[in-house]
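Here is how the chains run, residue by residue.
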Amino acid sequence: MTTTIRDSRPSGATSGSISRGTAPGGRIPHRRTTRRPRTGRRPLPRVGLPAADAVCAVTAVTASASVAGSITASVAVSVTTSATASVAVPVTPSTATPSPAVAVTAALLLIAVNAVLGLYRQRLVPSVLDDLPSLAGGGAVAMALAPALAPLLIPVPALGAAAPPAGGLSGWAVAVALHTVLACGVRGASYAAVRGRRTGSGARPTLLIGTGSHRHRLAAALLDHPEYGMAPVGVVDDRQSPEPGIVPVLGRTGRFAEILRAHRIHTVIVTPAAADVAAHRLAGVARDLGCEVLLAPEPGGLLADFLPPRDHIWGFPVLRIRPLPQARPAWPLKRALDIVLALAGLVVCAPVIAVCALAVRCESGPGVLFRQTRVGCGGRRFELLKLRTLRPGDPHESETRWSIADDRRVGPVGRLLRRTSLDELPQLWNILRGDMSVVGPRPERPFFVDRFSASLPDYDERHRVPAGLTGWAQVHGLRGDTSIEDRARFDNHYIDGWTLRSDMKIVLRTVVSAFRPSGS
C-alpha cells in the first residue's frame with residue numbers, strides 16, 4: 001500500500017533524490033553549524049554593565065537607610081509658641097537596617113528589568129541621556145518589588161522583619177535616586193572608555209555589500225568619523241567593472257566567507273541596492289560566522305518608515321539583524337523550562353504511559369517502544385522514542401514510508417494512541433536528554449530531510465533550533481499528511497521571532513487542542 005506525499009515541491013523536482021551527503025558522526029551538513037569567534041572588540045561588554053548595575057543597586061539599598069536617617073535627623077519641627085519664640089523638636093531617625101537578601105533581590109530584579117527595557121542591547125552611539133529614563137524607572141520598580149519578593153526568592157531566616165529600602169517612602173526615594181546617580185556615572189565612564197577604544201586601535205574591520213552612491217557615502221562617513229568604531233576595509237561586488245570608490249573591491253560574493261576570514265571582518269553593512277535574496281543569504285552567512293550585521297536603508301526610505309531605526313551612522317539610519325535564538329538572553333530559560341516541564345510530565349504521565357504500554361503489549365506483543373532516527377538541531381541525528389502503534393515490515397519501511405494513518409495493520413489501540421498523540425509521550429525523555437525541546441519544529445527522518453531540502457530552499461533553516469514535541473506549525477493543524485512547504489514556513493516564522501512568551505503560548509494552545517484530538 002502506498003501513500004502520496006504532499007510536499008508542495010516544484011513539478012520538476014525529483015522525488016527521492018538526495019542532494020547532500022551525510023557527514024561522519026551522523027550529522028547532515030548544514031550551513032548553520034559553522035561558528036567562529038568574533039574579531040575586534042564588542043561595543044559594550046555583555047557582562048560588565050549588568051554586574052555594574054547589580055553593584056549600584058546593592059550599594060543604593062544598603063546606603064538608603066543611613067542617608068534617609070541623616071536627612072530625617074536634620075529636620076526639626078518648629079512649634080510656634082509665641083510671636084517671637086519657637087521650640088525645635090528633633091525627630092528620632094529610623095534605625096532600620098537593610099537586609100542583604102533584599103539588596104541581592106533588588107539587584108537581580110534590576111538586571112531583569114533593565115534587560116526588558118533594552119539597556120543591554122548593543123548600540124553604535126550609546127548615550128547616558130538616552131538611558132536615564134529607563135535607569136530611573138527600572139530602579140524604581142526593582143526597589144519597590146524587592147522587599148515583597150525577597151522572602152520568596154531568598155527564603156533565609158536572616159530576613160527578619162525589616163523591609164528595605166528602610167525609611168518607608170523616603171528610603172525608597174533615596175535608594176532610587178542613589179542608584180540612578182551611580183548607574184549614570186558608571187555608564188558615562190564605560191561609554192567614554194568605549195569611545196576612546198573606538199578612535200584608537202579598537203576600530204572594527206567593516207565590509208560593505210551593495211552598489212550605488214549610498215554605499216560610497218556610508219564608507220566616507222565611517223572614514224571621517226572614527227567614533228563609530230568601524231573601519232571600512234572594502235566592499236564585495238559581482239559586477240565585471242565596478243565603479244571606483246574610496247574603499248577597494250575585495251572580491252565577489254562567491255568568495256564571501258573567505259573574505260570575511262582573511263580580513264577578520266567584524267561588521268558587515270548591507271545597503272539597499274543589495275537588499276535581495278542574495279544579500280539575505282550573505283547576511284545569514286556573516287551572522288553565522290560571528291559578524292555584526294547591519295542594514296543601512298536610504299534616509300527617508302520606505303523601510304525606515306516601517307521600522308524606525310534606533311542607531312545611525314552620521315545621520316544614516318541603520319537596522320541591526322535579529323540575533324539567532326541561541327544568542328538571545330532568554331534562551332537559557334528555554335532549556336530550564338524544558339527540564340522542568342519534561343520532569344513534571346514524566347512524573348504526572350507515568351501511569352498513563354504504563355497503561356498505554358500495557359495495552360500495546362497486549363495488542364501486538366513485546367517491544368512497546370519504537371525507536372527511529374530523526375534529524376535535530378544543526379543536522380544532528382538522534383534516536384526518537386515513541387510508543388509503537390505498528391510493527392514495520394523492515395527497517396527500510398520505517399525510514400522511507402511517509403504515513404501509516406490508513407494502514408490496516410494499525411489496531412484499535414494504535415489508532416487511539418495516534419489520534420490522541422499519547423504515542424508521543426516517551427519523547428519527554430528525549431527532551432530531558434537534550435535531544436529535543438518542548439517547543440520547536442517537529443523532527444523528520446533523514447530520508448525525507450534530504451528530499452525536502454532539495455526541493456524547498458528554506459526547509460533546512462528549520463534545523464537552526466532543537467526539534468520540538470509540539471510547534472507553531474502543529475498548533476495550526478499542520479501535522480500528518482499536510483503541506484511540507486506550509487510547515488517549513490510556519491517553523492521558520494517561529495524561529496525568526498522566537499521569544500519565551502511564544503513558547504508558553506504554543507504550550508497552552510497544545511494543551512487546549514488536546515481536548516480536540518484529530519488523526520495524524
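Residues numbered from 1 in each chain as written. Predicted model: local features only at pLDDT ≥ 70, side-chain atom pairs only at ≥ 80, totals over all residues. Heavy atoms only, no water.

1. Some remarks on the overall build of the protein chain
Step number 1: Helix and strand content of the protein chain: 15 helices and 13 strands.
Step number 2: Each of the 520 residues in the protein chain was classed as buried or not, and the buried ones make up 44%.
Step number 3: Taking as baseline every contact in the protein chain between residues at least 6 positions apart, the subset at least 24 positions apart corresponds to 75%.
Step number 4: Summed over its atoms, the accessible surface of the protein chain is roughly 25,600 Å², and 64% of this surface lies on carbon and sulfur atoms. (Helix = DSSP H or I, 4+ residues; strand = E, 2+ residues; numbered from the N terminus. Buried < 20%, exposed > 50% of the residue type's maximum accessible area, 1.4 Å probe, protein only. Contact = heavy atoms within 4.5 Å. Areas by Shrake-Rupley, 256 points an atom, 1.4 Å probe, with all protein chains shown as cover.)

2. Here's the deal with the sheet that holds strand β7 (residues 292-295)
Backbone-to-backbone hydrogen bonds pair the strands of a sheet. The strands run either parallel or antiparallel.
Step number 1: The seven strands lie next to each other as β5-β4-β3-β6-β7-β9-β8, forming an open sheet whose pairing is mixed. Each edge of the open sheet carries a strand with a single partner, namely β5 (249-251) and β8 (311-313). Strand-to-strand twist of the sheet, defined as the mean angle between neighbouring strand axes without regard to direction, takes the value 40°.
Step number 2: Sheet topology note: the strand β3 (residues 204-209)/strand β4 (residues 230-236) ladder contains six bridges and is parallel. The partner of Thr 206 across the bridge, within β4, is Pro 232. (Pairing = 2+ DSSP bridges. Axes fitted to C-alpha atoms, helices over the stretch in contact; angles between N-to-C directions.)

3. Regarding the pattern of salt bridges
Step number 1: Applying the stated criterion across every chain yields a total of 21 salt bridges.
Step number 2: Arg 187 is the salt-bridge partner of Asp 131, the closest N and O atoms lying 3.4 Å from each other. Taken together, the positions of Asp 131 in helix α3 (residues 128-153) and Arg 187 in helix α4 (residues 168-199) put the pair 56 residues apart, joining distant regions of the chain. No difference in accessibility class separates Asp 131 from Arg 187, as the two residues are buried.
Step number 3: Connected through salt bridges with shared partners, the residues Asp 53, Arg 123, Asp 131 and Arg 187 form a single ionic network. (Salt bridge = Lys/Arg side-chain N within 4 Å of Asp/Glu carboxyl O.)

4. Some thoughts on the environment of Thr 105
Step number 1: Tracing the chain through its elements places Thr 105 in helix α2 (residues 100-116).
Step number 2: With relative accessibility at 0%, the residue Thr 105 sits in the buried group.
Step number 3: C-alpha separation for the pair Thr 105 and Ala 148, spaced 43 residues apart in sequence, amounts to 9.7 Å.

5. Side note on the packing of aromatic side chains
Step number 1: Tallied over the entire structure, the rule returns four aromatic pairs.
Step number 2: On the numbers, 5.1 Å between centres and 65° between planes, the contact of Trp 331 with Trp 498 is edge-to-face. With Trp 331 in helix α9 (residues 331-364) and Trp 498 in the loop between α14 (484-496) and α15 (500-513), the pair connects residues that are 167 residues apart, well separated along the chain. Of the two residues, Trp 331 and Trp 498, both sit in the buried class.
Step number 3: Ring geometry for Phe 447 versus Phe 448: centroids 5.1 Å apart, planes at 85°, classification edge-to-face.
Step number 4: The exposure class assigned to Phe 447 is partly exposed, which follows from its relative accessible area of 25%.
Step number 5: One aromatic cluster is present, formed by Phe 447, Phe 448, Phe 452 and Tyr 459 through successive ring pairs. (Phe/Tyr/Trp six-rings, centres within 6.5 Å; stacked < 30°, edge-to-face > 60°.)

6. Some thoughts on the pairing of strand β11 (residues 381-387)
Step number 1: Burial of β11 is extensive: five of the seven residues sit out of reach of the surface.
Step number 2: When strand β10 (residues 369-375) meets β11, the two strands line up antiparallel, connected through seven bridges. Its bridge partner being in β11, Arg 371 is matched across the sheet by Leu 385.
Step number 3: Hairpin connection, β10 to β11: the antiparallel pair is bridged by five residues, and Gly 378 has positive phi, about 70°.

7. Some remarks on the nonpolar core
Step number 1: Counting residues in each nonpolar core, the largest one holds 18 residues, and the members touching the most others are Leu 207, Ile 209, Val 236, Phe 256, Leu 260, Val 268 and Ala 286.
Step number 2: Broken down by secondary-structure element, the contributors of at least two residues to this core are β3, α6 (256-262), β6 (267-270) and α7 (277-288).
Step number 3: Among the elements that take part in this core, α7 stands out by supplying five residues, more than any other.
Step number 4: Val 268 has contacts with Leu 207, Ile 209, Phe 256, Leu 260, Ala 286, Cys 291, Glu 292, Val 293 and Leu 294, leaving out every residue within four places of it along the chain. (Core = buried A, V, L, I, M, F, W, Y, C linked by side-chain atoms within 4.5 Å.)

8. Overview of a nonpolar patch on the surface
Step number 1: Taken together, Leu 302, Leu 303, Phe 306 and Leu 307 make up a surface patch of nonpolar side chains, about 440 Å² in accessible area.
Step number 2: Mapped onto the fold, Leu 307 is located in the loop between α8 (302-306) and β8. (Patch = residues over 30% accessible without salt bridge, like charges linked within 9 Å, V, L, I, M, F, W, Y side chains within 5 Å.)

9. Observations regarding helix α11 (residues 412-420)
Every α-helical turn comprises 3.6 residues, leaving residues that sit three or four positions apart pointing alike.
Step number 1: Buried within α11 are the following residues: Gly 414, Leu 417 and Arg 418. Down the axis of α11, the buried side of the element spans an arc of 95°, and every buried residue falls inside it.
Step number 2: Within two residues after α11, Ser 421 carries a phi angle of roughly 65°, on the positive side. (Arc of directions from axis to C-beta.)

10. Describing unusual backbone geometry
Step number 1: Even without a glycine there, the phi angle at Trp 314 is positive, about 50°.
Step number 2: Even without being a glycine, Ser 421 presents a positive backbone phi close to 65°.
Step number 3: Relative to the assigned elements, Ser 421 resides in the loop between α11 and α12 (427-433).

11. Points about the packing of α9 against α11
Step number 1: Here α9 crosses α11 at 150°, and the two axes come no closer than 9 Å. Viewed along their axes, α9 and α11 adopt a mutual orientation that is roughly antiparallel. Contacts between α9 and α11 pair Cys 356, Ala 359, Val 360 and Glu 363 from the former with Pro 412, Val 413, Gly 414 and Leu 417 from the latter.
Step number 2: Among the residues making up the contact of α9 with α11, the classes are represented as six nonpolar, one polar and one charged. (Parallel < 35°, antiparallel > 145°, perpendicular 65-115°, else oblique. Nonpolar A, V, L, I, M, F, W, Y, C, P; charged D, E, K, R; others polar.)

Keep in mind these numbers describe shape, not what the thing actually does.
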